[in-house]
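Here is how the chains run, residue by residue.
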Amino acid sequence: LPQYISKLTHSNMANSAYTHTTSPKPLLSKMKKTTYRAEDEENIVTNNIMFDRRVVRGNTYAAQVVTHNTQREVERMRYESERTLRRDATCQRKERLAKPSTPPPAEGRAHTKAQTDTFLEELSDRPVESEAVTQTEAILDRPPSPLFIPAKTGVDKETDIPGGDLFDFDIEVKPILEVLVGKTLRVSMMEVMEEAELDAIQRRQMEFEQMRNAELVEVQRLDAEASRRFAEKQRRFTQETDRLRQQAELGQKVAARAFARSYLANLSELAFDQLEDSGHFVDPVEKEIQDSFIPWLFDSVVETTNNHISSSSCVDALIVDAIELASNLQSDVIKQIKQKERARVFAVEDAREIKEAEGTAK
């Protein structure tokens, strides 16, 4: 422990006073987690508040400007905290899965701890205790630090100043009185001018209020006149719309009455024509023609047409047979002519060969 205690020197044996002569040193950072200072430590990390993000620089009432680096640092710290939380949750989940929990005890029973080791030992609620006493030496107690009194330097001297030599009230008070009187007069003039300005402002405000009230009355009159004109315009427009609607309805009624009159004028003729077309009024001659004569005529025409078609088909068959017979006869004649020509050619060749043979024999 002596290396962590400040050095003390005995400065005055008569007064039995101690002087603290330890040189100042910076405090250690909290990252070191140390309680005492080490004299031989050279690399001392200090905390500089100029680089601490918790220290606000400038006006505290103004909006704090967040730079890109600060925002990125905050995002990084948030990401690290979230990753730590996720890692802790994953570890806890793995522990729960790795160590299955003990099932609850049955009703009326309770779980108790039991030793499963090979060698048993006695269990007790309190560990073994023993008392020990120690005493520190009196020389290690540090006395309180005395009040620091700087040493006297230089030589004391004295002088005598007679009355009135350094300060004369009548002379020194004159500039002060001039300043006070001038300041008082200036302030009085400023107050008078301020009162005059306030009166002028009040008069101007009253004039402005009168002008504003007059303009407001004029605006209200113009608004009322515009409202009356708009209401009159709307009333005239409604009247014109009603007149046009009534005129259109009257025209429709007149057109409907004329159409009904023209339609009912020919209604009897149309009714008789439709009844006649539907067969309610029958002509016996026309009925006889339609029921007897026209079907007989159609049957006769069909029969005559069928006979003509049959005769035409017979003539066509005869023509086809004659054409086939003529073509067959023509093909037979052509074959006979070709055979005769071939026989004549063979006879001529045979006669030529015989002549050649006789010429060769001679």
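Computed from a predicted structure; not experimentally measured.

## Quick word on the overall build of the chain
The number of helices and strands found in the chain is four helices and two strands. Buried residues in the chain amount to 1% of all 362 residues. In the chain, of all internal contacts separated by at least 6 residues, the share reaching a separation of at least 24 is 19%.

## As for the packing of aromatic side chains
If you walk through the whole model with that rule in mind, you get one aromatic pair. Judged by centre distance (6.1 Å) and plane angle (40 degrees), the rings of F293 and W296 are tilted. Residue F293 and its partner W296 are located together in helix α4 (residues 284-361), separated by three residues, close to a single helical turn.

## Looking at helix α2 (residues 169-265)
Its 97 residues place the ends of α2 139 Å apart at the C-alpha level, agreeing with the 144 Å of an ideal helix rising 1.5 Å per residue. Its maximal kink placed at P175, α2 deviates by approximately 25 degrees.

## A look at the environment of R229
Mapped onto the elements of the fold, R229 is located in helix α2. Polar contacts involving the side chain of R229 include one to the side chain of E225, which spans 2.7 Å.

## Examining a negative patch on the surface
Side chains of E269, D273, E276, D277, D283 and E286 sit close together on the surface and give a patch of like negative charge. Within the secondary structure, E269 sits in helix α3 (residues 267-278).

## Here's the deal with the pattern of salt bridges
Within this structure, the stated rule accounts for 15 salt bridges. One salt bridge connects E73 with R76, and the closest N-O pair in it is separated by 2.3 Å. Taken together, the residues E73 and R76, both in helix α1 (residues 68-98) and three residues apart, mark about one turn of the helix. On the basis of relative accessibility, which here comes to 37%, the residue R76 falls in the partly exposed class. For R212, the salt bridge goes to E209, with nearest N and O atoms at 3.0 Å. With R212 and E209 both in helix α2 and three residues apart, this pair spans about one turn of that helix. By relative accessible area, R212 is classed as partly exposed at 39%.

Analysis parameters
Residues numbered from 1 in each chain as written. Predicted model: local features only at pLDDT ≥ 70, side-chain atom pairs only at ≥ 80, totals over all residues. Heavy atoms only, no water. Helix = DSSP H or I, 4+ residues; strand = E, 2+ residues; numbered from the N terminus. Buried < 20%, exposed > 50% of the residue type's maximum accessible area, 1.4 Å probe, protein only. Contact = heavy atoms within 4.5 Å. Phe/Tyr/Trp six-rings, centres within 6.5 Å; stacked < 30°, edge-to-face > 60°. Expected span 1.5 Å × (residues − 1). Bend = angle between axes of the 7 residues up to and from the residue. Polar contact = N/O pair within 3.5 Å; in protein donor to acceptor, adjacent residues only side chain to side chain. Patch = residues over 30% accessible without salt bridge, like charges linked within 9 Å, V, L, I, M, F, W, Y side chains within 5 Å. Areas by Shrake-Rupley, 256 points an atom, 1.4 Å probe, with all protein chains shown as cover. Salt bridge = Lys/Arg side-chain N within 4 Å of Asp/Glu carboxyl O. Lys, Arg positive; Asp, Glu negative; His and termini not counted. Charge placed at Lys NZ, Arg CZ, Asp CG, Glu CD.

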